Amino acid sequence: MRKGKLRGVLTYRNTPGYAGHVTFLRSELVMPKVLSLAVVMDPIAKIKFAKDSTLAMLLAASARGWKLMYFEQSDLFLRDGIAFGHGRPLEVYNDSQKWFDLGPSRICRLGEFDCVFMRKDPPFDAEYIYSTYILERAELQGAFVANKPQGLRDMNEKVFTAWFPQCCAPTLITRSAADINAFAAEHGKIVVKPLDGMGGKSIFVTETGDKNLPVIIETLTDYGQRFAIAQRYLPEIAATGDARVLIIDGQPVPYALARIPLPTDNRGNLAAGAKGVGRELTERDRWLAAEIGPALAQKGMVFVGIDVIGGFVTEINVTSPTGIRELDQQFGLNIGVMVIEAFERRIAARGK
């Protein structure tokens, strides 16, 4: 709340033929602007209350007085170059039985929101790309969009590790079966996965001499028609897991969520049944975050997550990183507030 002084003059008459005046000072109270947030997400009725990071951030925004508007990807549209959406006013509650209420739908100009928060989960397909075009128009029309739409298009979560080779284990991106076979022969045991997957989908651990290797390559590359990624297998995942390091506007949260695979599975993904165990960041984690975080913040990526196995980055998650609820619960944090405060600083810097 800002305070300012306003000088006024009070005129009064208390006797016939006599007029006088006194001066007075009163405080002029200017209420702070209520910020507005448009969230684009998957159906809120289907989220997992105890684990959903988007809900954690919406609860933080609501607690700080933000007005929330809810959109799904299908609600977005462009008309004559202007970004619109069929939005519904959203109230959120920290209640596992009832965590939201939605008001009636109305057409909104996305550029008029203080912040548009893109939290639609992958797959990163053509529809997702089209959505980023709409969000970029909203950005040009006045909204702060997180994460930046151009960055969402440019930074494939697996391919973008190539911009930080000093942080990564040996990695190959190719359509060629011969190249993947040669990579397996070089490293012995490898991980092969699609470029557009999430949540552990279609991740294979294989090695040279594995009779399944040819069919794995055929499946992932569609007989040489699609790119796939191969990485040297990092055995540390079995003991120390696949650690998610969250980075907010270039700075890491001081704890990581190590996702420990089931004994019967190779995948360090919560969606695949891995156990989430929080731990303090290591010096190597902090170095990796310092190499990657500021560079992404400079490109408008305010909330990202890097996946670390055995001290090497395997993915850079820019679409909808998770792990907030687990870390909040284990360490008494409020990461949602950290993210919303970063949005507030960005909005203030833009002067909107």
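Everything quoted here is computed from the prediction, not taken from an experiment.

As for its placement among the helices and strands, threonine 174 is situated in strand S11 (residues 171-174). Excluding residues that lie within four positions of it along the chain, threonine 174 makes contacts with Asp179, Ile180, Thr221, Arg226, Phe227 and Ala228. One polar contact links threonine 174 to aspartate 179, side chain to side chain, over a distance of 3.4 Å.

Mapping glutamate 112 onto the fold places it in the loop between strand S8 (106-109) and strand S9 (115-119). In sequence terms glutamate 112 and glutamine 141 are 29 residues apart; their C-alpha atoms lie 7.5 Å from each other.

Look at helix H4 (residues 177-187) against helix H5 (residues 213-221): their axes get within 10 Å of each other, and the N-to-C directions meet at 135°. With respect to H5, the element H4 is oriented oblique. Of the two elements, H4 crosses H5, and the hand of that crossing is right-handed. Here H4 contributes Ala177, Ile180, Asn181 and Ala184 to the contact with H5, which in turn contributes Leu213, Ile217 and Thr221.

Ranked by internal contacts, the top residues of the largest apolar core, which has 39 residues, are Phe71, Leu110, Val116, Leu296, Ile306, Val313 and Ile316. Breaking this core down by element, the ones donating at least two residues are strand S3 (36-41), strand S4 (67-71), S9, helix H2 (126-140), strand S15 (242-248), helix H7 (283-298), strand S19 (303-309) and strand S20 (312-317). Aside from chain neighbours lying at most four places away, what touches leucine 296 is Met155, Phe160, Phe164, Met301, Val304, Ile316 and Val318. Counting 38 residues, the second largest nonpolar core, distinct from the first, contains Val92, Ile248, Ile340 and Ile347.

Another aspect to go through is the pattern of salt bridges. For the coordinates displayed, the defined rule picks out 17 salt bridges. Of the charged contacts, one joins glutamate 341 and arginine 64 as a salt bridge, the two residues approaching to 3.5 Å between their closest N and O atoms. With glutamate 341 in helix H9 (residues 335-350) and arginine 64 in the loop between helix H1 (53-63) and S4, the pair connects residues that are 277 residues apart, well separated along the chain. Classification of glutamate 341 by relative accessible area gives partly exposed; the value is 29%. Exposure remark for arginine 64: the relative accessible area of 38% places this residue in the partly exposed category.

Below, the discussion takes up the packing of aromatic side chains. By the definition in use, this model includes ten aromatic pairs. Pairing phenylalanine 124 with tyrosine 128 gives two aromatic rings, centres 4.8 Å apart and planes at 40°, and the pair type is tilted. Residue tyrosine 128 is classed as buried on the basis of its relative accessible area, which comes to 0%. Both rings, one in phenylalanine 160 and one in tryptophan 163, keep their centres 5.0 Å apart while their planes meet at 15°; by these two values the pair is stacked. Looking at phenylalanine 160, the relative accessible area reads 5%, which means it is buried. Residue class for tryptophan 163 comes out exposed when judged on its relative accessible area of 55%. It is lysine 189 that lies over the ring of tyrosine 233; its NZ or CZ is 4.5 Å from the centre. If you follow arginine 232 out to its NZ or CZ, it ends over the ring of phenylalanine 312, 5.8 Å from the centre.

Cis geometry is adopted by the peptide bond preceding proline 123, which originates at proline 122 and carries an omega value of 25°. Its place among the elements puts proline 123 in the loop between S9 and H2. Here the residue pair alanine 146 and asparagine 147 is connected by a cis peptide bond, since its omega of -10° sits within 30 degrees of zero. Assignment of secondary structure puts asparagine 147 in the loop between strand S10 (144-146) and helix H3 (149-154). Positioned with a positive phi, aspartate 222 is a non-glycine residue whose angle comes to about 50°. Mapped onto the secondary structure, aspartate 222 falls in the loop between H5 and strand S14 (228-232). Exposure remark for aspartate 222: the relative accessible area of 35% places this residue in the partly exposed category. Phi at aspartate 249 is positive, roughly 50°, even though this residue is not glycine.

As a further point, take the side chain of threonine 314. As for its position among the elements, threonine 314 is in strand S20. With residues near it in sequence (within four places) discarded, threonine 314 still touches Thr161, Lys193, Gln231, Leu234, Asp307 and Ile309.

A separate point is the confidence of the model for the protein chain. In this model, the protein chain carries a mean pLDDT of 90, and residues with pLDDT of at least 70 account for 89%. Predicted confidence is poor over residues 1-31, with pLDDT under 50, and the contacts of this stretch with residues over four places away or in other chains come to 38 contacts.

The next point concerns the state of the cysteines. What the rule picks out here adds up to zero disulfides. Between cysteine 168, a free cysteine, and cysteine 167, which holds the nearest cysteine sulfur, the sulfur-to-sulfur gap is 5.9 Å. The buried category is assigned to cysteine 168, whose relative accessible area is 14%.

About the criteria used
Residues numbered from 1 in each chain as written. Predicted model: local features only at pLDDT ≥ 70, side-chain atom pairs only at ≥ 80, totals over all residues. Heavy atoms only, no water. Helix = DSSP H or I, 4+ residues; strand = E, 2+ residues; numbered from the N terminus. Contact = heavy atoms within 4.5 Å. Polar contact = N/O pair within 3.5 Å; in protein donor to acceptor, adjacent residues only side chain to side chain. Axes fitted to C-alpha atoms, helices over the stretch in contact; angles between N-to-C directions. Parallel < 35°, antiparallel > 145°, perpendicular 65-115°, else oblique. Left-handed = near helix turned anticlockwise from the far one by under 90°. Core = buried A, V, L, I, M, F, W, Y, C linked by side-chain atoms within 4.5 Å. Buried < 20%, exposed > 50% of the residue type's maximum accessible area, 1.4 Å probe, protein only. Salt bridge = Lys/Arg side-chain N within 4 Å of Asp/Glu carboxyl O. Phe/Tyr/Trp six-rings, centres within 6.5 Å; stacked < 30°, edge-to-face > 60°. Lys NZ or Arg CZ within 6 Å of the ring centre and 35° of its normal. pLDDT = per-residue confidence, 0-100. Disulfide = S-S within 2.5 Å.

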